[in-house]
Amino acid sequence: MSETILSPAEAVKRPLGLYLHIPFCKRKCLYCDFLSAPAANGVIADYVEALIAQISQEAAQYRDYVVRTVFFGGGTPSLLSVSQMERIMKRIFMSFEVAKDAEITMESNPGTLDFEALKGYRNAGINRLSLGLQSACDAELQALGRIHSYSDFLENFHGAREAGFTNINVDLMSALPGQSLAGWLDTLKKVAELGPEHISAYSLIIEEGTPFWERYRDCGDSRKESEERCGSRPRQHDQNDGFGEKQPHWPALPDEDEERLMYEQTETLLQSYGYHRYEISNYAKAGKECLHNKGYWRRTDYLGLGLGAASLVKNMRWKMTDDLEAYQKVFHTEKSGRQSCREDVQVLTKAEQMEEFMFLGLRLTEGISAEEFEKQFGIGIRKVYGPVLDRLKKDELLTGLADGNMLKLTPRGVDLSNYVLAQFLLEEEE
Amino acid sequence: MAVINQSNIRNFCIIAHIDHGKSTLADRIIEKTGLLTSREMQEQVLDNMDLERERGITIKSQAVRTIYQAKDGEEYIFNLIDTPGHVDFNYEVSRALAACDGAVLVVDAAQGIEAQTLANVYLALDHDLEVFPVINKIDLPSAEPERVKEEIEDIIGLDASDAPLISAKNGLNIEDVLEQIVTKIPAPGGSMDNPLQALIFDSLYDPYKGVIVFFRIMEGKVQKGTKVKMMATGAVFDVVEVGYFGAGQFIPCEELSAGMVGYLTASIKNVKDTRVGDTITNADRPCSQPLPGYKKVNPMVYCGMYPADGAKYPDLRDALEKLQLNDASLFYEPETSIALGFGFRCGFLGLLHLEIIQERLEREYNLDLVTTAPGVVYRVHKTSGEMIELTNPSNLPDPSEIDYMEEPIVSAEIMVTTEFIGPIMELCQERRGRYLGMEYMEETRALLKYELPLNEIIYDFFDALKSRSRGYASFDYEIKGYEQSELVKLDILINKEEVDALSFIVHKASAYERGRKMCEKLKDEIPRHLFEIPIQAAVGGKVIARETVKAMRKDVLAKCYGGDITRKKKLLEKQKEGKKRMRQIGNVEIPQKAFMSVLKLDDK
């Protein structure tokens, strides 16, 4: 699966992705259930020290790896100052062997960026910028509880180009409160015309524990008919949602049919602008697929650094604690350590590895390779999944290529991917 | 304890309308007689099943022996036998009463006599019990003890002039009750020198001791080693242990003799050998006559019970067998459903009884059950002149073979305060009730008399009654007999296939309404599939209602951030787990709770 040319030294080493979590934001968006919260500058500064300490401590165990991708996720990584980012980057390059052409992405949010900062991040080594736009409609942005307007984004986008970012992703979301099909297509067109190299187009998911859940939980059931949709009821003003006057009402979610149209027309529209879909929610111009995310689907090893970050190394999965205090206690100076902040450590059984191979790999448009399956697990794919594959093929949810090697979801299989992917979970042996 | 004088034994029960404080009084009696210290008292010690405590009702008869130091200086043994109050459990009441010599009648000082007060008093008098009244809840502001005393004398004809005025809750005047138990309830008769003659009033299966038989000795005595014979079944056993009932435990003793209440074990493995209601006697010196049998009851409500996991069928069979030992009124026989596989057709005294058995199977035996819609026993008269009793709608003969059908009718008495007469009469009309008359018990309360089809009251009649009378109405019924009725079988078709487990018999006039509700309910319960699923209700092949479960079109988990694969897998697992609790009918997967949802058709 190598996509870039490796130097002879790099070729013998295992590829590694680094994920660094920045759990801070200016303000929590109403739909967000990620590990992130507003924080004072001092807290962020302490966190950066801990993160640097963790990088130094963990790196020693990855001597036989070469870092191919780095991804700063959040939260809002652009809340870090340029000098903080420089220090982290420097420490990564000091501690790990990083490929010359490594893809180094930073997520950011309009409203936290200016031209100086963009230049600074670029100079610090970030070569791929991800901008969390979500929508080109200011009313929709407001309904989401976003802190920026569309014009803020435009300024940042052009600024990023000027600062030298030649690889930019824009995050968008459909099925937003108050969004119409026309509104969604308008957002897509506006962004596609700007020509970022990559577009992520997600559907809004109403997650538990968010203000949206409290408001829309009963509306998110996809089985509800359009006339039963709620959300347009005026909101009681005496109820304190933490956003008070800025959130005068909660617009209705699009109904099921409209949501489906949004979803269907996304691919067609983006294709006409030269984007190809390579994963369920991700579109890219030729050669600009996000290598880091592809690593997740292909199960290459990755190390998660920072609060709550997930790792997969040599078929072992774990997560960092999501308790900020505990994390900082362990990584407060570079010499400490010994203790671990790892949680949910799980050594994957062969069956679990096979399940992951299938349900992660099939998210990718190119699908999975039967040959690769046999090579990795020493058993034919049909021996494990024969009846499932036949059934899904019969239902036209899965298709095999002519050479019989690659298997991928049909367009309908993509629509029903949860249903399809769940079929690949194996019964537990008792 | 030293020698027990038979004249110092009092075997009694407490009878009351539901909520009038029977269990609380039982607690107080146990407390005041010093069997337990106050600290040991749990709330309602007699109700030892979790389920009973949660529902606040008494399901199983239980017995407890306590010792009371009376004012005459003597020590008395009290055997208190607890009885259920709900109308479904009249059979259990009758078993418990047969073991007693007297009964304490508890009447609520505010509510006075209720329908079940009367039913239970008559039952007690039928068993020749000495009954004396106690007026409870006199601490309530609305208490009217004098009015209630009058009521007792007028309606029941019991002397209430010296009825103790108590508050079981606050422990007020409990001494008076204890003294009256001594003075008003007779000591048991019988002689320990006669051949053994003991009545089985309950039993329990214990995995270590085998069947534990609860009995009351009328004549003779029994001890370890006694060779006993069950008169009805003829089975002979050597007694391993005899004893009496502490609070929630068995206390072994040397010997039990005439007038006493206790238990025995005899390594009895086969539950069918010890029928409740049977008489125990000496194997080598039998008594001349068995004791008069219990009031025999027939199950009134039937439904199918199936293990959610087909492999658990033997477990369900074993569990039912054991429950039947504890609950003689439970009936079951194997049946097979196309939709649900192997299971049992079970018969119950009423819907509450059904629910309780279902919950006990699930809780105590860890079984996951699918229950079909409950129905009553219909009589189908065929053109050939043959009559069959129908307990499973699937067995209904072809309409061309049916001459006519009959359904059971009950005579119902509903006690209600006058302000709710209107709404309650309306309810009875809706349920095809036939108005027989109304009697004013006093100015503000009336007794409504109706005849109602049993199949109209087994679903949710109690709930409807309570909600339309704000809880004030009480209800009692007895089976009157069978009447010809225009009945039809309502079939449910899912994706054009008839699902036998969802069929039920209904009056022609209600068929459309029920069919429509059923389709709506199923539409909500059946998840979307890859294809569209029609849900139809049909009578005699003619579709009368239809709903559609649309095809699944979109089910995407769009986002998967930060490499947290574990969380994504959990979501997929949840999806897959949901499928496990489904039943495959044709190519449609139906969640198990869909079969249960028909039980709750009338939920508003």
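The numbers attached to residues start from 1 for each chain and follow its sequence in the written order. All chains are assigned letters beginning with A, and all ligands numbers beginning with 1, in the order in which they are written. At least 70 in pLDDT is required for a residue's local features to be given in this predicted model, at least 80 for side-chain atom pairs to be given and counted, and no such filter applies to totals for whole chains, interfaces and linings, which use all residues. With hydrogens and water set aside, each side-chain value is computed from the structure's full complement of heavy atoms.

(A) Quick peek at empty space enclosed by the protein. All names here are of chain A. The rule is simple: put a 1 Å grid over the protein atoms alone, call a set of points where a 1.4 Å probe fits but cannot get out a cavity, call an open set with protein on both sides within 12 Å along at least five of seven lines a pocket, and count a residue as lining if it has an atom within 4 Å of a point. Grid points are joined across faces, edges and corners, and a volume is the space filled by probe spheres set on the points. Tallied over the entire structure, the rule returns seven cavities of 30 Å³ or more. Around the largest cavity, the lining comprises 33 residues; the ones closest to its centre are Tyr31, Phe34, Asn109, Gln134 and Arg146. Runs of E in the DSSP output that reach at least two residues are strands. Runs of H or I that reach at least four are helices, and both are numbered from the N terminus. Among the elements of the structure, β3 (98-108), β4 (128-134), β5 (168-174) and β6 (198-203) are those that each provide at least two residues to the lining of the largest cavity. Looking at which element gives the most residues to the lining of the largest cavity, the answer is β4, with four residues. Each residue is assigned to one class: nonpolar for Ala, Val, Leu, Ile, Met, Phe, Trp, Tyr, Cys and Pro, charged for Asp, Glu, Lys and Arg, and polar for all the others, Gly among them. Looking at side-chain class alone, the lining of the largest cavity contains 13 nonpolar, 12 polar and eight charged residues. Put simply, the second largest cavity is a space of about 150 Å³.

(B) Representation of the interface of chain B and chain A. With 32 residues of chain B at the contact, the number on the chain A side is 46 residues. The term buried area means the drop in 1.4 Å probe accessible area that two parts suffer when joined, counted for both and summed. The junction of chain B with chain A conceals about 3800 Å² of combined surface from both sides, 52% of it contributed by carbon and sulfur atoms. Within this document, salt bridges are pairs made up of a side-chain nitrogen of Lys or Arg and a carboxyl oxygen of Asp or Glu, the two lying within 4 Å of each other. When the shortest N-O distance is used, the salt bridge between A:Glu355 and B:Lys569 registers 2.7 Å. Contacts described as polar in this section are N or O atom pairs within 3.5 Å, which, within protein, must combine one atom able to donate a hydrogen with one able to accept it, while residues neighboring in sequence count only if both atoms come from side chains. Counting every contact that joins chain B to chain A gives two residue pairs in polar contact (both at pLDDT 80 or more). Put simply, the parts of the chain that give the side of chain B that touches chain A at least two residues each are α12 (508-525) and α13 (565-580) of chain B. Residue contacts are counted whenever heavy atoms from the two residues lie within 4.5 Å of one another.

(C) Focus on the pattern of salt bridges. Residues and elements named next belong to chain A. On inspection of all chains with the given rule, the structure shows 51 salt bridges over all chains. Residue Glu49 pairs with Arg87 through a salt bridge whose shortest N-O separation is 2.6 Å. You can see Glu49 sitting in helix α2 (residues 41-59) and its partner Arg87 sitting in helix α3 (residues 82-95), a full 38 residues away along the chain. Three labels apply to residues, based on accessible area from a 1.4 Å probe with only protein chains included: buried if under 20% of the type maximum, exposed if over 50%, partly exposed otherwise in between. Judged by relative accessible area, Glu49 falls into the partly exposed class, the value being 35%. Residue Arg87 is classed as partly exposed on the basis of its relative accessible area, which comes to 39%. Note that Glu197 is salt-bridged to Arg161, the shortest N-O span being 3.0 Å. Placement of Glu197 in the loop between α7 (181-194) and β6 and of Arg161 in helix α6 (residues 150-163) is noted, with a sequence separation of 36 residues between them. The class of Arg161 is partly exposed, set by a relative accessible area of 28%. A single salt-bridge network, built from bridges that share partners, covers Glu289, Lys294, Arg298 and Glu366.

(D) A look at the confidence of the model for chain B. Residues and elements named next belong to chain B. pLDDT expresses how confident the predictor is about each individual residue, on a scale running from 0 to 100. On average, residues of chain B carry a pLDDT of 83, and 87% of them reach 70 or more. Segment residues 36-41 is flagged for pLDDT under 50; beyond a separation of four residues in sequence, or across chains, it makes eight contacts in the model. Note on residues 55-61: pLDDT under 50 across the span, and 36 contacts to partners over four residues away in sequence or across chains. With pTM at 0.63, the complex prediction returns an ipTM value of 0.77.

(E) Quick peek at the sheet that holds strand β15 (residues 406-409) of chain A. Residue and element names in this part refer to chain A. Spatial ordering of the open sheet is given by β13-β15-β14, a layout of three strands whose pairing is antiparallel. The open sheet has two edge strands, β13 (368-369) and β14 (398-400), and neither has a second partner. Strand pairing follows a simple DSSP-based rule, namely that at least 2 bridges must link the two strands. Bridge analysis of β13 against β15 gives two bridges, and the strand direction is antiparallel. Bridge pairing in β15 links Ile368 to Leu407.

(F) Just the sheet that holds strand β19 (residues 369-371) of chain B, in detail. All names here are of chain B. Judged by pairing direction, the sheet is antiparallel, and its four strands sit side by side in the order β17-β18-β16-β19 without closing on themselves. At either margin of the open sheet sits one strand with a lone partner, and together these are β17 (331-337) and β19. Taken pair by pair, the neighbouring strands of this sheet meet at an average axis angle of 30°, ignoring direction. By the bridge criterion, three bridges tie strand β16 (residues 301-307) to β19 in an arrangement that is antiparallel. If you follow Met305 over to β19, its bridge partner there is Thr371. Each of β16, β18 (341-348) and β19 touches helix α8 (residues 351-364); the most contacted strand, β16, lies at about 15° to it. To obtain an axis, a line is fitted to C-alpha atoms, over the contacting stretch when the element is a helix, and the angle between two such axes runs from 0 to 180 degrees between their N-to-C directions.

(G) Representation of a nonpolar patch on the surface in the model. Together, B:Tyr435, B:Met438 and B:Tyr440 give the surface a local cluster of nonpolar side chains, amounting to about 300 Å² of exposed area. Mapping B:Tyr435 onto the fold places it in strand β23 (residues 434-442). Patch definition: residues above 30% relative accessible area lacking any salt bridge, with like charges linked at up to 9 Å and the nonpolar side chains Val, Leu, Ile, Met, Phe, Trp and Tyr linked at up to 5 Å. The method behind every accessible area is Shrake-Rupley, applied with a 1.4 Å probe, and residues are considered shielded solely by the protein chains displayed.

(H) Structural context of the packing of helix α1 (residues 22-32) of chain B against helix α6 (residues 174-184) of chain B. Residues and elements named next belong to chain B. Interhelical geometry of α1 versus α6 gives an angle of 80° and a closest axis separation of 10 Å. Between α1 and α6, the interaxial angle falls into the category roughly perpendicular. Contact residues: α1 offers Leu25, Arg28, Ile29 and Lys32, while α6 offers Ile174, Glu175, Leu178 and Ile181. Residue composition of the contact of α1 with α6, by class: five nonpolar, no polar and three charged. The labels follow the angle: roughly parallel below 35 degrees, roughly antiparallel above 145, roughly perpendicular from 65 to 115, and oblique for the rest.

(I) Fine view of the environment of B:Tyr440. Residues and elements named next belong to chain B. Mapping Tyr440 onto the fold places it in strand β23. According to the relative accessible area criterion, Tyr440 is exposed, its value standing at 51%. Along the primary structure Tyr440 and Val416 are separated by 24 residues, whereas in three dimensions their C-alpha atoms are 9.7 Å apart. Residues within four places of Tyr440 in sequence aside, it is in contact with Thr418, Ile421, Arg445 and Ala446.

(J) A look at unusual backbone geometry. A cis amide bond links A:Gly74 with the next residue in sequence, A:Gly75, at an omega value of 10°. Looking at the element boundaries, A:Gly75 is found in the loop between β2 (65-74) and α3. Here the phi dihedral of A:Lys314 falls at roughly 45°; this positive angle occurs in a residue that is not glycine. Counting through the fold element by element, A:Lys314 comes out in the loop between β10 (310-313) and β11 (316-320). A:Lys314 gets classed as partly exposed once you look at its relative accessible area, which sits at 49%. Unusually for a residue other than glycine, B:Asn495 sits at a positive phi of about 50°. Inspection of the secondary structure puts B:Asn495 in the loop between β26 (487-494) and β27 (497-498).

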